[in-house]
Amino acid sequence: MRSPWKDENREGLKRQNKILYIVSLNHAINDGSTSLIATLFPVLLLDFGFPVFQIGILVAAGYLMNVVFQPIAGHYSEKFEPWILLSVGISMIAVSMVVFTLSKAFLSVLIGVIVLRVGSSVFHPVGVSAISRSYQTGNLDGPMGFQSAFGNLGILLVFLVSAPLYMSFGWRDIFLIFAALDLSIVTITIFAFRGTRVSSSSSPQSGKRKSSNVNLRDEGARTSLDVSDSKEATAEDNNSDPTEEDEKVQGFEHRRRVNSKEISLVERAFGLPSFFLSTMLISGGSFAVLVNYGNSLLAKNNFSIVSANLLISAWIASAFIGALTTGKLALLMERAKLLTTCYALAALATLMFALFPENFILALIALVVSGFFLSASYPIIYSELSAFLERRGKRDREVQQHGKGAQFGVLFSAQIIGSVVFGFFSGYVSEFYPLNLPFEATAVFLLVASLISALWARSSRQSFPSFSGGGLVTKGGD
């Protein structure tokens, strides 16, 4: 299979492709299995007699597990090879599928959700970090969109098949089928990924500098670091190690910035600017509302479970396309400007869905538009974060490459916190107000995210004037 992301190094390209395809496959089964219970929430409301408020508790409790365990997975993402952690996470999801088949009351369903979400906490910081470390920053939008699209593909397939399978076999057998699928993906991952190392040698300090003209190539991520002969000769004459001197300068520069006002309180606390945390929180919360309550809102407006899930499938199909085409969209404008546009259009479409859920045509149009642009926000933020870490590393001479897994873990925790808050809020207010209200509130938050992105586009150009929002050098580079 030929990759659309070219590289001169054939072996490096094969390694990149292998990592990308296995990570994408894991993303599909991870998100698909995680979304399976959401497709059957209307069934649980009937079979178990759960009120909408208890659905909100299930949603919030599950996402809380992600908040706790995703940073842990991010911390260990660069201490173990990805295939090990990915296999552990998907195996736990398979266990949760079995727990669901044995459930007979709310408590047992809750336990299943907890095990499910602990397992699903592994993929995002591990998989996305692996992609980030495998591709050069300027060529990252396409691969990020590709793997993100496969997550949507997994959710799409689940929404398409769950209702017909439920009508044919009952809901418990569906979970057994997915348990078998999860274990098959674990097997594929172990045998396909073993022996393929995700190199992080493109870090500025991946080791001692030993030659006068070093060309560090991360097998496909074309990163070079040239050290002049005269500089090394001077270092040798003084019997000093240039790396040790660099470390002193880096440490001093980092302490200077931390003690100054250049780093905000949010960035000091979490290691990331508030832009990434707030936009990811809103993206995650908005997605949670649509994927967990969209079919319930349609069902309350006289759609059958099959019809409601088909409409949500159209939303996810457009999300798949939106994520897949992110690399092409990023060529049209700077990332921050593109993100501003995506949030604005997603907000208008979500509001349209909230106002006209009983109209098939309008609901379909609204879902397709919101799915496309909301989904596109994810890989844009991933790529922007990778570019930001590289730019900050060049400006402050900090070593960022080895910390990407942990920082992606913080990013995904913000996403899940948004899912917890939005998910619980939606279930709670629906006990007292129509289910349309959470979708109207979501539209407002998406407009806020659009404004935040516009402010970031302006501030990032001032902070890093030699870089565009797409991470490419536009005024001569460093």
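## Side note on the overall build of the chain
Secondary structure summary: the chain contains 18 helices and 0 strands in total. Buried positions account for 56% of the 478 residues belonging to the chain. Considering only contacts in the chain between residues 6 or more positions apart, those separated by 24 or more positions represent 80%. Put simply, the chain shows about 20,100 Å² of open surface, and 64% of that area lies on carbon and sulfur atoms.

## Re the environment of Pro82
Here Pro82 shows up in helix H4 (residues 82-101). Residue classification places Pro82 among the buried positions, given a relative accessible area of 1%. Put simply, Pro82 and Ser129 are 47 residues apart on the chain and 9.1 Å apart in space, counted from C-alpha to C-alpha.

## What about a nonpolar patch on the surface?
Together, Val68, Phe69, Ile72, Tyr76, Phe80, Ile84 and Val88 give the surface a local cluster of nonpolar side chains, amounting to about 570 Å² of exposed area. Sort the elements by how many residues they give to the nonpolar patch and helix H3 (residues 52-76) lands first, with 4 residues. In this fold, Tyr76 is placed in helix H3.

## Overview of the packing of helix H12 (residues 274-299) against helix H13 (residues 305-324)
It is the contact of H12 with H13, at a shortest axis distance of 8 Å, that shows an interaxial angle of 150 degrees. On the basis of the axis angle, H12 is roughly antiparallel to H13. Considering only the axes of H12 and H13, their crossing is right-handed. Of the residues in H13, those in contact with Phe287, Leu290, Val291, Gly294, Asn295, Leu298 and Ala299 of H12 are Ala308, Asn309, Leu311, Ile312 and Trp315. Grouping the constituent residues of the contact of H12 with H13 by class yields 9 nonpolar, 3 polar and no charged.

## Details of the packing of aromatic side chains
Tallying each qualifying case throughout the model produces 17 aromatic pairs. Ring plane angle 50 degrees and centroid distance 5.5 Å describe the contact between Phe276 and Phe388, whose orientation is recorded as tilted. Remark: Phe388 occurs in helix H16 (residues 360-396) and Phe276 occurs in helix H12; sequence separation between them is 112 residues. For Phe388, a relative accessible area of 4% puts it in the buried group. A network of ring pairs unites the aromatic residues Phe275, Phe276, Phe388 and Trp456 as a single cluster.

## What to know about the nonpolar core
Leu58, Met97, Trp315, Phe353, Tyr382, Leu411 and Phe439 are the most contacted members of the largest nonpolar core, which totals 113 residues. In terms of residues, this core owes the most to one element, H16, which gives 14 residues. Leave out the neighbours within four places in its chain, and Leu411 touches Leu272, Phe276, Met280, Ile381, Tyr382 and Leu385.

## Here's the deal with the pattern of salt bridges
Side-chain pairing between opposite charges can occur once the charged atoms of the two side chains come close. Across all of its chains, the model carries 1 salt bridge by this definition. Between Arg335 and Glu384 there is a salt bridge, with the nearest N and O atoms lying 3.5 Å from each other. Residue Arg335 is found in helix H15 (residues 335-355), and its partner Glu384 is found in helix H16; the two are separated by 49 residues along the sequence. Classification of Arg335 by relative accessible area gives buried; the value is 1%.

## Quick notes on helix H8 (residues 171-193)
In this model, H8 (23 residues) spans 33 Å end to end at C-alpha, consistent with the 33 Å of a helix rising 1.5 Å per residue. Regarding H8, the residues found buried are Trp171, Ile174, Phe175, Phe178, Ala179, Asp182, Ile185, Val186, Thr189 and Phe193.

## Notes on the packing of helix H6 (residues 123-134) against helix H7 (residues 141-169)
Relative to each other, H6 and H7 sit at 150 degrees, their axes nearing to 10 Å. Relative to H7, H6 is oriented roughly antiparallel. Considering the relative orientation of H6 and H7, their crossing is right-handed. In this structure, H6 uses Phe123, Val128, Ile131 and Ser132 to contact H7, whose residues at the interface are Pro143, Met144 and Gln147. For the contact of H6 with H7, a count of residues per class yields 5 nonpolar, 2 polar and no charged.

## Regarding the confidence of the model for the chain
When pLDDT is averaged along the chain, the result is 76; 73% of the residues meet or exceed 70. Mean pLDDT per element in the chain: helix H9 (residues 229-237) is the minimum at 42, and H15 is the maximum at 94. Across residues 200-245 the pLDDT falls below 50, and counting only partners more than four positions away or on other chains, this stretch makes 72 contacts in the model. Here residues 464-478 is modelled with pLDDT under 50, and outside its nearest four sequence neighbours on either side it reaches 32 contacts, counting other chains as well.

So, how was this worked out
- Residues numbered from 1 in each chain as written.
- Predicted model: local features only at pLDDT ≥ 70, side-chain atom pairs only at ≥ 80, totals over all residues.
- Heavy atoms only, no water.
- Helix = DSSP H or I, 4+ residues; strand = E, 2+ residues; numbered from the N terminus.
- Buried < 20%, exposed > 50% of the residue type's maximum accessible area, 1.4 Å probe, protein only.
- Contact = heavy atoms within 4.5 Å.
- Areas by Shrake-Rupley, 256 points an atom, 1.4 Å probe, with all protein chains shown as cover.
- Patch = residues over 30% accessible without salt bridge, like charges linked within 9 Å, V, L, I, M, F, W, Y side chains within 5 Å.
- Salt bridge = Lys/Arg side-chain N within 4 Å of Asp/Glu carboxyl O.
- Axes fitted to C-alpha atoms, helices over the stretch in contact; angles between N-to-C directions.
- Parallel < 35°, antiparallel > 145°, perpendicular 65-115°, else oblique.
- Left-handed = near helix turned anticlockwise from the far one by under 90°.
- Nonpolar A, V, L, I, M, F, W, Y, C, P; charged D, E, K, R; others polar.
- Phe/Tyr/Trp six-rings, centres within 6.5 Å; stacked < 30°, edge-to-face > 60°.
- Core = buried A, V, L, I, M, F, W, Y, C linked by side-chain atoms within 4.5 Å.
- Expected span 1.5 Å × (residues − 1).
- pLDDT = per-residue confidence, 0-100.

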